[in-house]
Every structure is written in structure tokens, then in C-alpha cells.
Amino acid sequence: MSDLPEFIKYLYEKYRVLDDGSLASYIPELTKANPDWFAISIVTKEGEVFQVGDSQEHFTIQSMSKVFVYGMALEDQNREILLEKIGVEPTGDPFNSVIRLDENSKRPDNPMVNAGAIATAGLIKGVNATDKLNRLLAMFRRYIGHDVFIDAPVFMSERATGHRNRALANLLLNFGIIDNNIEEILDLYFQQCALVVNCQDLAMMAATLANRGVNPITNKQAVKPCYVRDILSVMHTCGMYNYAGEWAYRVGIPAKSGVSGGIIGVIPDKAGIAVFSPLIDSKGNSVRGIKVFEDLSDEFDLHLFDSPLEKCSFLEISKNKKDVVSQVMGNG
Ligand SMILES: N[C@@H](CCC(=O)O)C(=O)O
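Residues numbered from 1 in each chain as written. Predicted model: local features only at pLDDT ≥ 70, side-chain atom pairs only at ≥ 80, totals over all residues. Heavy atoms only, no water.

Caption draft 1: Expanded view of the site of the ligand. Lining the immediate surroundings of the ligand are 13 residues, of which Gln62, Ser63, Glu158, Tyr189 and Tyr241 lie closest. At 2.5 Å from a nitrogen atom of the ligand is found a side-chain nitrogen or oxygen belonging to Glu158. Side-chain polar atom of Asn165 to an oxygen atom of the ligand: 3.0 Å apart, as the coordinates give it. If the ligand stood free it would expose 290 Å²; the protein chains cover 99% of that surface. Across the shell around the ligand, the residue classes tally to seven nonpolar, five polar and one charged. (Near = heavy atom within 4 Å. Polar contact = N/O pair within 3.5 Å; in protein donor to acceptor, adjacent residues only side chain to side chain. Areas by Shrake-Rupley, 256 points an atom, 1.4 Å probe, with all protein chains shown as cover. Nonpolar A, V, L, I, M, F, W, Y, C, P; charged D, E, K, R; others polar.)

Here's what the structure looks like:
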């Protein structure tokens, strides 16, 4: 019997009351989120689903999309072509910074910051804008396992106010990283960010990566297995904004977050985890999300560099913790 269902209920109760952080406001539509929303979803590579809270609440995927579009660009181009255009170095800078692109590298540092993600969108193949969008949606559908759609008001909101992203795109054009279809590339980028998901969908997408690119329920291949390693590497080093180093140190799970309040984490060959809570910190990470991941990592020894000898069997908690959980949940 797994302890996981009880443990995530406990984490939900423990952190539900935490109301630090604020709603993302630079995309006007995101301020309409309910700050109380909170969900934890876990999907194992066998397709078993454990979840608690508002796991069916819809929101836009935002930066978490970057992971999956990067995988698609790897398939459309190849590793070496991508590396010429987009690096794999963490920046330590805010995700939407223009500084390093202009000053140092003349190519985006990595595909998880906006400069790199816009460059990635520019590498997606298709005969025209509609074809590219349709291919992108088909890719997301393979990960999620059901039909997908774009939140038009969020897309329009970002398109109308995304001046910083437009500035990044112009710099990318100047450095020869993207061609001059700037508005078309930005539209594709804003559309990928406005994909509608819920927490369960995110966990399924993460579980698909954990399962070497195969959706655990539909058994469809969402991305070629040879690219999963590349995707997880950039998640591990660059996925958590300018908190990526501390995250790798404290949590040790390849992850990506988005300003709508989601965080996805991948436990290779085991499970995908998603937490959703729209109150974010100054770096863009969900406050409750970070806490939940820290506790899950500690409790189940999920840090990549936990010694294999010390790792407890996945989904079982220690006797001491069981007592704490029982007390909090009122069955002890
Ligand atoms: N669409 C957002 C994504 C931000 C995020 O989630 O990090 C932007 O480009 O600014």
C-alpha cells in the first residue's frame, strides 16, 4: 500500500494556509486567477494518478511550454543545429532579461529563458503559421492525451503587452538567430504560452517525459526517446528561473515552472509531478509549489544525487513521518 495519497493530502493541508507571493500581473489576464487555487498531481509511469485539490482547474501553461517545444525543435532540427543557435548555460538572470543576449553571447543562453524560447519557436517547421501551430498543438496533444486549446484572451493580452519579448525577438533577428517573420514567431510563442492545461495534464506531461517520451495512458510517443535526455538536462540546470541552482541543490528534480503558478518535475523512470498554485515569488516560482516539491523530495529521497542505498522505496514514508501525517490529518 502506498503512502503517497495520504502524504499529498497532508502537504495540501500544510501549505494551503500559506499565502505568501502574488499573482503575476505583467500579463493582465493572469491577475484574474484565484489566489486560493492549489493542486498537487502525480502520475506514475504506469499511468496511476494521485491528486488533491483543484487539479481540474484550468490555467495557461506559460513557460512550462518551453520544455515541450524545445523537444519538438530538437526533432525538427537536430541537436547540433540547435546548439549553434541556442546554448544550454544557466543565466542567473531574470527569464525575460535582454542584457546577456546583447552584451555577451549574441545567442540565447538556454531554451528556458524567453530569448531562447522565442528562438526555439522560430525553429519549428511548417509550411505556414497555421501549419506550425497545428503541429505544435498535435505535439501537446500527444503529451496530454486529449484535445487541447489556446486561451484566446491570454494570447491577445500577451500579444498586446509583450513589448519586452518583442525587443528580444528584434535582437534575435539582429544577431541572425531568427528570420524576419518576427510577428509570426512571437505569435507562435505567445500561443504556446497560452495553451490551456490543468494540474493533472501537467503531471501527465511530466510522466510522459519520465516514461521516456511515451504517454503512460495512451502509449503514444510524444517525443523521440533520444531527446528526453536533452530536455531533462536543460530542465535540471535552467528550469526554475534564477532559482535553478538552489532548486537543483535543495530539491534535485529536473523541473520547470511558469508564471501562471505551475511547476512540473520529472522523476525519470518513475513519475511526473505537478503542483499548481498561482501565488508566485519575485523570481516567478509558485511559493506553495516550491514547498511541496521540497517536502516530496525529502520524504521520498527523490533528489537525483541521493545515494541509491539511502533511497527509500518510492511512495513510502518513514514511520516518524507517518505519525506526523496521521496527527495532522486527524486519524492519529
Ligand atoms: N508568456 C510569458 C511566460 C513567462 C513565464 O511563465 O515565465 C512570457 O513570455 O513572459
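So that's the structure; there's more coming.
Caption draft 2: Structural detail: helix 1 (residues 4–16). Between its first and last C-alpha, helix 1 extends 18 Å over 13 residues, near the 18 Å set by a 1.5 Å rise per residue. Taken together, the buried positions of helix 1 are Leu4, Phe7, Ile8, Tyr10, Leu11, Tyr12 and Tyr15. Close packing links the buried residues of helix 1 with strand 1 (39–44), strand 2 (49–53), helix 13 (287–300) and helix 14 (319–329). (Helix = DSSP H or I, 4+ residues; strand = E, 2+ residues; numbered from the N terminus. Expected span 1.5 Å × (residues − 1). Buried < 20%, exposed > 50% of the residue type's maximum accessible area, 1.4 Å probe, protein only. Contact = heavy atoms within 4.5 Å.)

Caption draft 3: Inspection of the UniProt feature "binding site: substrate" (unreviewed entry) in the chain at higher detail. Within the UniProt annotation, "binding site: substrate" (unreviewed entry) is assigned to Ser63, Asn114, Glu158, Asn165, Tyr189, Tyr241 and Val259. Relative to the assigned elements, Tyr189 resides in helix 9 (residues 182–193). The contacts of Tyr189, once residues within four sequence positions are left out, are Lys66, Asn114, Ala117, Ile118, Ala121 and Asn165. For Tyr241, the location among the structural elements is in the loop between helix 11 (225–238) and helix 12 (244–250). Tyr241 sits in the buried class, given a relative accessible area of 8%. For Tyr241, the residues in contact, after removing those within four places along its chain, are Ser63, Phe95, Lys256, Ser257, Gly258, Val259, Lys283, Gly284 and Asn285. (UniProt positions renumbered as here; feature names shortened; annotations may be inferred.)

Caption draft 4: The arrangement of the packing of aromatic side chains in detail. Under the definition given, this model contains nine aromatic pairs. Measuring from ring centre to ring centre gives 6.4 Å for Phe68 and Phe140, while their planes differ by 65°; the resulting arrangement is edge-to-face. Placement of Phe68 in helix 2 (residues 65–76) and of Phe140 in helix 6 (residues 129–144) is noted, with a sequence separation of 72 residues between them. The two residues Phe68 and Phe140 agree in class, both being buried. Ring pairs connect the aromatic residues Phe7, Tyr10 and Phe300, which therefore count as one cluster. Its guanidinium or amino end placed over the ring of Phe38, Arg288 lies 5.2 Å from that ring's centre, counting from NZ or CZ. (Phe/Tyr/Trp six-rings, centres within 6.5 Å; stacked < 30°, edge-to-face > 60°. Lys NZ or Arg CZ within 6 Å of the ring centre and 35° of its normal.)

Caption draft 5: Inspection of the packing of helix 2 against helix 11 at higher detail. Close contact between helix 2 and helix 11 brings their axes to 10 Å; oriented N to C, the two are set at 140°. By the criterion of interaxial angle, the relationship of helix 2 to helix 11 is oblique. Where helix 2 crosses over helix 11, the two elements pack in a sense that is right-handed. Contacts from Val67, Tyr70, Gly71, Leu74 and Glu75 of helix 2 reach helix 11 at Tyr227, Asp230, Ile231, Val234 and Met235. Residues belonging to the contact of helix 2 with helix 11 are distributed by class as follows: seven nonpolar, one polar and two charged. (Axes fitted to C-alpha atoms, helices over the stretch in contact; angles between N-to-C directions. Parallel < 35°, antiparallel > 145°, perpendicular 65-115°, else oblique. Left-handed = near helix turned anticlockwise from the far one by under 90°.)

Caption draft 6: Main features of the nonpolar core. Counting 73 residues, the largest nonpolar core has Phe68, Phe140, Tyr143, Leu202 and Leu209 as the members making the most contacts within it. Of all the elements, helix 10 (residues 199–210) adds the most residues to this core, at nine residues. Apart from residues lying up to four places away in sequence, Tyr143 is in contact with Phe68, Met204, Met205, Thr208, Leu209, Asn215, Ala222, Val223 and Ile231. One finds Tyr15, Ala271, Val275 and Leu296 within the second-largest nonpolar core, a separate group that totals 32 residues. (Core = buried A, V, L, I, M, F, W, Y, C linked by side-chain atoms within 4.5 Å.)

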